[in-house]
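As a plain string of letters, each chain reads:
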Amino acid sequence: MLFRSNMSHELRTPLSAIISSAEALIGRVFGPLTEKQEKHIQNALNNGNHLLQLINDILDICKIEAGKMNLTLNDFYIAEIIENSCAVARSIASRKNIEISVRMEPPDFKVRADAVKVKQILYNLLSNAVKFTPDNGKVEVEAFRQEHFAQFRIRDNGIGIRDED
């Protein structure tokens, strides 16, 4: 566990420098870009941010295993988190012509949780659903209030998970 944590930190430092450089180039800090240059730098930036998120996920797993995960609990409307996560996933889904639908019961309920962690979980589930759903597919997001809890369902018409897994 210590090895994973140390390696994650060692990977984040150069990756952060790469992301910052790509952001500076996209921001035209060093001058104009051709369309082709911008496309390739944006691709590097997107992949760098994705890799950084994976590294952060590994660090979170290490914190959970060590019993050191800190949660910041507050009250928020679940619709805000769902819509935000869906907006990010829709940008990826649009490339594959995948429809993302949302249903909430009731449509305006609040939860008390760590909003950042809930958003991270929803985004991970949505991005996996989009990744494994074929072109022209559908992803459904459902959230239900059940007394003091929220229940989420993410459905897609992708390859699925075997029952034994």
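Peer 1: I would appreciate a short explanation of the overall build of the protein in the present structure.
Peer 2: For the protein, the count of helices and strands is 4 helices and 5 strands. Counting from the amino terminus, helix and strand elements in the protein follow one another as α-α-β-α-β-β-α-β-β. Buried positions account for 28% of the 165 residues belonging to the protein. Taking the contacts inside the protein whose residues are at least 6 apart along the sequence as the reference set, 72% of them involve residues at least 24 apart. Put simply, the protein shows about 11300 Å² of open surface, and 55% of that area lies on carbon and sulfur atoms. Computed over 21 positive and 22 negative side-chain charges, the inter-centroid distance for the protein is 3 Å.

Peer 1: Help me understand the environment of I55, please; the structure alone is not making it clear to me.
Peer 2: Within the element layout of this structure, I55 appears in helix α2 (residues 35-65). Look at I55 and you get buried, because its relative accessible area is 5%. Each C-alpha atom, one on I55 and one on S127, is 16 Å from the other, the two residues being 72 residues apart in sequence.

Peer 1: Is there a simple way to think about the layout of surface pockets in this case?
Peer 2: Unfilled space is identified by rolling a water-sized probe across the atoms. Of the voids in this model, the largest pocket is the one considered here, and its volume is about 960 Å³. Per element, the largest residue contribution to the lining of the largest pocket is 12 residues, and it comes from α2. Class assignment of the residues belonging to the lining of the largest pocket gives a composition of 6 nonpolar, 15 polar and 7 charged. Volume-wise, the second largest pocket comes out at about 250 Å³. What lines the second largest pocket is N124, L125, N128, A129, F132, I154, D156, G158, I159, G160 and I161. Of all the elements in the fold, those that place two or more residues in the lining of the second largest pocket are α4 (115-132) and β5 (149-156). Sort the elements by how many residues they give to the lining of the second largest pocket and α4 lands first, with 5 residues. Here the residues of the lining of the second largest pocket sort into 6 nonpolar, 4 polar and 1 charged.

Peer 1: How should I be thinking about the nonpolar core in this particular structure?
Peer 2: Note on soluble globular proteins: their nonpolar side chains tend to be buried together. Among the nonpolar cores identified, the biggest contains 22 residues, and F76, I78, I82, I100, V118 and V139 are the most heavily contacted of them. Excluding residues that lie within four positions of it along the chain, V118 makes contacts with F76, I78, I81, A113 and F152.

Conventions used here
- Residues numbered from 1 in each chain as written.
- Predicted model: local features only at pLDDT ≥ 70, side-chain atom pairs only at ≥ 80, totals over all residues.
- Heavy atoms only, no water.
- Helix = DSSP H or I, 4+ residues; strand = E, 2+ residues; numbered from the N terminus.
- Buried < 20%, exposed > 50% of the residue type's maximum accessible area, 1.4 Å probe, protein only.
- Contact = heavy atoms within 4.5 Å.
- Areas by Shrake-Rupley, 256 points an atom, 1.4 Å probe, with all protein chains shown as cover.
- Lys, Arg positive; Asp, Glu negative; His and termini not counted.
- Charge placed at Lys NZ, Arg CZ, Asp CG, Glu CD.
- 1 Å grid on protein atoms, 1.4 Å probe; cavity = no way out; pocket = protein on both sides within 12 Å on 5 of 7 lines; lining within 4 Å.
- Points joined across faces, edges and corners; volume = space filled by probe spheres on them.
- Nonpolar A, V, L, I, M, F, W, Y, C, P; charged D, E, K, R; others polar.
- Core = buried A, V, L, I, M, F, W, Y, C linked by side-chain atoms within 4.5 Å.

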